[in-house]
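Read off the chains here:
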Amino acid sequence: MDKMCNRCCETKLYADFAKNKSSPDGYSSICKKCKNIQKKSYRLEHQDKIKSYAKEYYLENQERLKEYSKSRYKSNESSSEEPE
Ligand SMILES: [Zn+2]
């Protein structure tokens, strides 16, 4: 039994399609290979957004993080009674 991929339009075996319960035939409409390509391109498209989000988060929390590490350093210092 073969099934045509909606993306590359190649006819492939059902084994080449991921299972998908919400699909009428129980299989994804695109083959595993195309799904992988789709996933990769999604990541590439969103990579910059993810990166800039992390940067924004860092900038937003920079002061807080600094304060946090400072206070941690201080508390470390005051409580550091290193045994000789
Ligand atoms: Zn395909």
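Rules of the game
- In every chain, residue numbers begin from 1 and rise along the written sequence.
- Only residues with pLDDT of at least 70 get local features here, since the model is predicted, and only at 80 or more are side-chain atom pairs given and counted; chain-wide, interface and lining totals rely on the full set of residues.
- A run of H or I in DSSP becomes a helix once it reaches four residues, and a run of E becomes a strand once it reaches two; helices and strands are each numbered from the N terminus.
- Here the contact rule is simple: place C-beta atoms from the backbone, and any two residues whose C-beta atoms are within 7 Å are in contact.
- Residue-level confidence of the predictor is what pLDDT reports, using numbers from 0 through 100.

## Observations regarding the environment of S28
Mapped onto the elements of the fold, S28 is located in strand β4 (residues 27–31). Not counting chain neighbours up to four residues away, the residues in contact with S28 comprise F17, A18, N20, S23 and K35.

## What about unusual backbone geometry?
Even without glycine at this site, C9 takes up a positive phi of about 60°. For C9, the position within the fold is in the loop between β1 (2–4) and β2 (11–13).

## A look at the confidence of the model for the protein
Detailed reading of the predicted coordinates is not advisable wherever pLDDT falls low. Within the protein, residue pLDDT values average 86, and 87% of them lie at 70 or more. The least confident element of the protein is helix α1 (residues 32–79), whose mean pLDDT is 83; the most confident is β2, at 97.

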